[in-house]
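Residue-level listing of the chains:
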Amino acid sequence: MYIDEEDYLAHYGILRRSGRYPWGSGGPELPPSNPNKRNKVFLDYVDDLKRQGLSEKEISVAIDCSTTELRAAKSIAKNQQRQANIALAQRLQDKGYSTNAIATRMGIPESTARNLLKPGAADKADVLTSTSLMLKQQVDEKGFIDIGKGVENYAAIGVSATRLNTAVAMLREEGYEVHNVKVKQLGTGHETKMKVLGPPGSTQKEVWQHPEKIHQISDYSEDGGRSYTKPAPPISINQKRVDVVYAEQGGAKADGVIYVRPGVTDVALGGAKYAQVRVQVGDGHYLKGMAMYKSDLPEGVDLQFNTSKRDTGNKLDAMKPLQPDEDLPFGSIVRQIVDKPGTPGAKPTSVMNIVNEEGNWDTWSRTLSSQMLSKQTPVLAKTQLDMTYERRQNNYENINNLTNPTVRKKLLMDFAGETDAAAVHLKAAAMPGQAVKVILPVSTLSPTQVYAPTFKNGERVVLVRHPHGGTFEIPELTVNNNHAESKRLLGDAKDAIGIHHDVAKRLSGADFDGDTVLVIPNTTGRIKTSPALASLKDFDPRSSYPSYEGMKPMRNTQTEMGKISNLITDMSIAGASHDEIARAVKHSMVVIDAEKHNLNYKLSYNDNNIKQLKEKYQRQPGGGTGAATIVSRAKSELRVPERKERTQAKGGPIDKVTGERVYEETGRVHWKSGRPMQTKTTRLAEAKDAHTLSSGTPIEVAYANHSNKLKALANQARLDAFNTPPAKYSPSAKKAYSNEVASLDSKLALAKSNAPLERQAQLVANTIVKTKKSYNPNMDKDTYKKVEYQALQEARRRTGADKQQVRITKEEWDAIQAGAISDSKLTEILTHADMDVVRKLATPKPEVLMTSSVTARARAMLASGYTRSEVAEALGVSVSTLDLATVE
């Protein structure tokens, strides 16, 4: 997908090359005339065509250019002609001519002659010249400059976008080059097409090879005038204050947990009861795990790290070495606990570097993945998938009921894109009460129980970890919120649960360094479970498949894990035996820890005869093996010739009959290899009928039907958007709502001003990532994504890029509804708007709130030790409503 910055001046100069010879040249037998004659001939020719009744579009066709080029050429010609007339009038005045005589001499009205002689006339006529001179100086100094959308807003150079484009056209007359370059958007996979002005003789290839040479028109400070700073170097803790509990001492029962002494400032968690952290120990190592307070630590110990590793006599061996990357020393993006949050020069006060903390996990997605639901019954899968479709259908109908056509069109297009994605991801609606929780160990809790304060005491729940091999890795437990030690360790935890360490073993070998599970109420038994497989009970991948000297460690965990997960899914759908699935699950347990613990995954592949399982359950019709069901094939990568949305000239990006998206191939080739460029997509995204990816099992039929229905709904939404008429504009409403219109214009200008800075940030970030990749060419996908994210955040700090959304007020919305904003301007506003706010304004719904007296009662009950679920049940509200009402 490409994001086009704007239309471009495609030709190198109208005044220089229309027809065989430049305007006013007189042909090959005559010497070139002066610029003023050339301009006059050009303008007379255009005026003559206009007098003959030709429209601007028809005139541009007649002289082989775009309307944008035509306007720019007319501006240049008129400006140069006016400058020449001012100069002539001034010379005649200097010779003693009267104003009347000057008018007679030049063949113009006397009033025009007076205007030419007015003070400041030359300056006014010279705006284009001075603007083009400024651009020329910027190119001469910097090499290439960004002249794309928003530059005139950001650079504050005092000219309109039209005048800026005209100044660029003037430079093209002098031989300066305009290039189009595509820059990868980190984190989205899309590309932004930039418009770049370069020196005479510069080539497109040169810009492609060196995008880091592209600069903004105006220099900017390191932080763009904002008070952002890079994170300070983390502070470390002396290893003498750290105790390590090894496997032989019971450390495996709380593997990944870092117990923290309460009341010690430099190890504090910043107000949270638990958090996923990274802690630097000494100069070269760090701890990775879940930190939680514990008051009975040994004397002199402030941190106690639990591990499944054996004691080597050197506690640093139980820790991880710091990464050589000073910007990403822990391999993760972290938040520091500092003395003055949000201020320049803030310094860390704690060794805790937060990855996730109490309250973060509660916001994670609560849908049901196809990897999980496909291992359940077809009836349950169809029920949850139908629920997903019904919700989307209701959303679609609500959007179509909106009265503002521009907003309706925007939301319909957004809805279509989201629904297309849903047709590929195949996620289903959550079960009632389902929630994501991070797991923490409580050794005295029964293996049949779970401490879960947001669930009802005595309730039956199932825990589902991703990925999992089958229903035999889904434990069903009873909620016990009266357990004393659990209450002491976790209290009224919002998004954590306490479990016995034996339960973690059943959860695909989960540990306690931040692993999460879905907790789903299962009183009715809709989620099917089965007994744990005996062959997996005592299986320890670390002891079974240790590395050997000289063995190359795994570097592609994500890829290998994807392969074995797909195999397990395909085997489960095909009804493989428990013994066969156990072999695949054992291998998956080795793979998931192979890189982290340097395990011999190749030996595991052979011992568990994974090749035979692939031959049996993933044999492809044309030979070879691979994903065999719609669930595993859906998001399989597919490469097609590089494409873009079909242009309007060829019919537009939407099929007017079906509503499907339509593309055309770009025909581009890689500048270095010469091979055709490709676009990444997925098999299900490209499939016209999802059933073509199915092997025909009942569960796959349910998923294929669901995908087809969603695609049809997306296509219908696009058709509705295409057929939506523009909003009606009312000049009288604009006058009546002049203050609101001015406010919206101001907000839009501010939002647009960030576009050049964001483009510059993307350029800087790409350079940072390229450098880091050269240092670590074997970087895995997870690390690469972290590096991309961190680089983009840092680049935005450097450039001052800060997305400014247009937040529409109720009064401004009234102005929009009255027609005070044109359709094109409103479309532009919505592009930069906070659409959550727009949705609420367009479809107002009353908030369900608790009264002040009920809120006070809720707070009193919470303070008395009641859990959130108990309080919510007693007051007859949901837990989410309770949280909204009681948050401080």
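Parameters at a glance
- Residues numbered from 1 in each chain as written.
- Predicted model: local features only at pLDDT ≥ 70, side-chain atom pairs only at ≥ 80, totals over all residues.
- Heavy atoms only, no water.
- Helix = DSSP H or I, 4+ residues; strand = E, 2+ residues; numbered from the N terminus.
- Buried < 20%, exposed > 50% of the residue type's maximum accessible area, 1.4 Å probe, protein only.
- Areas by Shrake-Rupley, 256 points an atom, 1.4 Å probe, with all protein chains shown as cover.
- Core = buried A, V, L, I, M, F, W, Y, C linked by side-chain atoms within 4.5 Å.
- Contact = heavy atoms within 4.5 Å.
- Phe/Tyr/Trp six-rings, centres within 6.5 Å; stacked < 30°, edge-to-face > 60°.
- Lys NZ or Arg CZ within 6 Å of the ring centre and 35° of its normal.
- 1 Å grid on protein atoms, 1.4 Å probe; cavity = no way out; pocket = protein on both sides within 12 Å on 5 of 7 lines; lining within 4 Å.
- Points joined across faces, edges and corners; volume = space filled by probe spheres on them.
- Salt bridge = Lys/Arg side-chain N within 4 Å of Asp/Glu carboxyl O.
- Axes fitted to C-alpha atoms, helices over the stretch in contact; angles between N-to-C directions.
- Parallel < 35°, antiparallel > 145°, perpendicular 65-115°, else oblique.
- Nonpolar A, V, L, I, M, F, W, Y, C, P; charged D, E, K, R; others polar.
- Left-handed = near helix turned anticlockwise from the far one by under 90°.
- Pairing = 2+ DSSP bridges.
- Arc of directions from axis to C-beta.
- pLDDT = per-residue confidence, 0-100.

Some remarks on the overall build of the protein chain
Each helix and strand in the protein chain was counted, giving 34 helices and 23 strands. With 888 residues in all, the protein chain has 46% of them scored as buried. About 43,300 Å² of surface is accessible on the protein chain, with carbon and sulfur atoms providing 50% of the total.

Looking at unusual backbone geometry
A positive phi angle, near 60°, is found at leucine 426, a position not held by glycine. One non-glycine residue with positive phi stands out, namely asparagine 598, at about 55°. Take asparagine 598: it is sitting in the loop between helix H19 (578–597) and helix H20 (601–607).

What about the nonpolar core?
In terms of nonpolar packing, the biggest core is built from 36 residues, with Ile808 and Val838 touching the most fellow members. Secondary-structure elements contributing two or more residues to this core are helix H13 (378–400), helix H14 (405–425), helix H24 (698–722), helix H26 (738–752), helix H29 (810–817), helix H30 (823–832) and helix H31 (835–842). The element that contributes the greatest number of residues to this core is H14, accounting for 7 residues. Other than its neighbours up to four places away in sequence, isoleucine 808 contacts Leu744, Trp813, Ile816, Ile829, Ala833, Val837, Val838 and Leu841. Grouped together as the second largest cluster of nonpolar side chains are 35 residues, Ala435, Phe455, Leu477 and Ile497 included.

A look at the packing of aromatic side chains
Going through the model one piece at a time under the given rule, you end up with 3 aromatic pairs. Between tyrosine 286 and phenylalanine 330 the ring centres are 5.3 Å apart and the planes differ by 65°, which places this aromatic pair in the edge-to-face class. Of this pair, tyrosine 286 sits in strand S9 (residues 285–293) while phenylalanine 330 sits in the loop between strand S11 (320–321) and strand S12 (335–338); the two residues are 44 residues apart in sequence, bridging distant segments of the chain. Residue tyrosine 286 shares its accessibility class with phenylalanine 330, and that shared class is buried. The ring of tyrosine 259 carries lysine 294 above its face, with NZ or CZ at 5.1 Å from the centroid. Cation over ring: arginine 643 sits above tyrosine 663, and NZ or CZ is 4.2 Å from the ring centre.

Overview of empty space enclosed by the protein
The full count for this structure, using the stated rule, is 2 cavities of 30 Å³ or more. Estimated volume of the largest cavity: approximately 110 Å³. What lines the largest cavity is a set of 14 residues, and nearest its centre among them are Pro467, His468, Gly469, Met561 and Ser588. Every element with two or more residues in the lining of the largest cavity is listed here: helix H18 (557–574) and H19.

With respect to the environment of valine 838
Take valine 838: it is sitting in helix H31. For valine 838, a relative accessible area of 0% gives the class buried. Remark: the alpha-carbon pair of valine 838 and tryptophan 813, spanning 25 residues in sequence, is separated by 8.4 Å. Leaving out residues up to four positions away in the same chain, valine 838 has contacts with Val407, Ile808, Trp813, Leu830 and Ala833.

What to know about the environment of serine 332
When you line up the elements, serine 332 lands in the loop between S11 and S12. Serine 332 gets classed as buried once you look at its relative accessible area, which sits at 8%. Remark: the alpha-carbon pair of serine 332 and arginine 278, spanning 54 residues in sequence, is separated by 8.6 Å. What serine 332 contacts, discounting residues up to four positions off in sequence, is Arg278, Val355 and Lys786.

A closer look at the pattern of salt bridges
Under the defined criterion, the tally for this structure stands at 32 salt bridges. Salt-bridge contacts for aspartate 266 lead to arginine 241; the nearest nitrogen and oxygen are separated by 2.9 Å. Here aspartate 266 is found in the loop between strand S7 (257–260) and strand S8 (274–281), whereas its partner arginine 241 is found in the loop between strand S5 (214–215) and strand S6 (242–245), with 25 residues between them in sequence. What makes arginine 241 partly exposed here is its relative accessible area of 22%. Between glutamate 580 and lysine 616 there is a salt bridge, with the nearest N and O atoms lying 2.9 Å from each other. With a gap of 36 residues between them, glutamate 580 in helix H19 and lysine 616 in helix H21 (residues 610–617) connect regions that are remote in the sequence.

Here we look at the packing of H26 against H29
Relative orientation of the contacting elements H26 and H29 amounts to 105°, with a least axis distance of 9 Å. Our classification of the angle between H26 and H29 gives roughly perpendicular. Contacts between H26 and H29 involve Glu740, Ser743, Leu744 and Lys747 from the first element and Glu811, Glu812, Ala815 and Ile816 from the second. Each residue belonging to the contact of H26 with H29 can be placed in one class, and the counts come to 3 nonpolar, 1 polar and 4 charged.

Some points on the packing of H13 against H14
Interhelical geometry of H13 versus H14 gives an angle of 165° and a closest axis separation of 9 Å. When the axis of H13 is compared with that of H14, the two are roughly antiparallel. Relative to H14, the crossing made by H13 is left-handed. Residue-level contacts link Arg392, Asn395, Tyr396, Ile399 and Asn400 of H13 to Arg408, Leu411, Leu412, Phe415, Glu418, Thr419 and Ala422 of H14. Split by residue class, the contact of H13 with H14 holds 6 nonpolar, 3 polar and 3 charged.

A look at the pairing of strand S10 (residues 303–306)
Burial along S10 is two-sided: Leu303 and Phe305 and Gln304 and Asn306, pointing in opposite directions, are all buried. The pairing of S6 with S10 spans 4 bridges and is parallel. When the bridges of S10 are listed, valine 244 appears paired with phenylalanine 305. Looking at chain direction, S7 and S10 are connected through 3 bridges and run antiparallel.

Observations regarding the side chain of aspartate 513
You can see aspartate 513 is positioned in the loop between helix H16 (501–506) and strand S19 (516–521). You can call aspartate 513 buried: its relative accessible area is 9%.

Observations concerning the sheet that holds strand S16 (residues 460–464)
One open sheet holds the 6 strands; their spatial order is S15-S17-S16-S19-S14-S18, and the pairing between them is mixed. Of all the strands in the sheet, the pair left with one neighbour each is strand S15 (449–450) and strand S18 (496–499). Where strand S14 (residues 435–441) lies against S19, 4 bridges are found, and the strand directions are antiparallel. The partner of alanine 435 across the bridge, within S19, is valine 519.

Section: H31
Residues lying three or four places apart along an α-helix face the same way, a consequence of the helix completing one turn every 3.6 residues. Of all the residues in H31, the buried ones are Met835, Val837, Val838 and Leu841. Relative to the axis of H31, the buried residues are bounded by an arc of 150° and lie together on one face. Summarising the geometry of H31, the exposed residues directed more than 90 degrees from the buried face are Asp836 and Lys840. The elements touched by buried residues of H31 are H14, H29 and H30.

With respect to the confidence of the model for the protein chain
Per-residue pLDDT for the protein chain averages 82, and the proportion of residues at 70 or more is 84%. Counted against residues more than four places away or in other chains, residues 154–158, with its pLDDT under 50, gives 13 contacts.

Quick look at H21
Among the residues of H21, Ile610, Leu613, Lys614 and Tyr617 are the ones counted as buried. Along the axis of H21, the buried positions cluster into a sector of 100°, meaning they face one direction only. For H21, the elements touching its buried residues are H18, H19 and H20.

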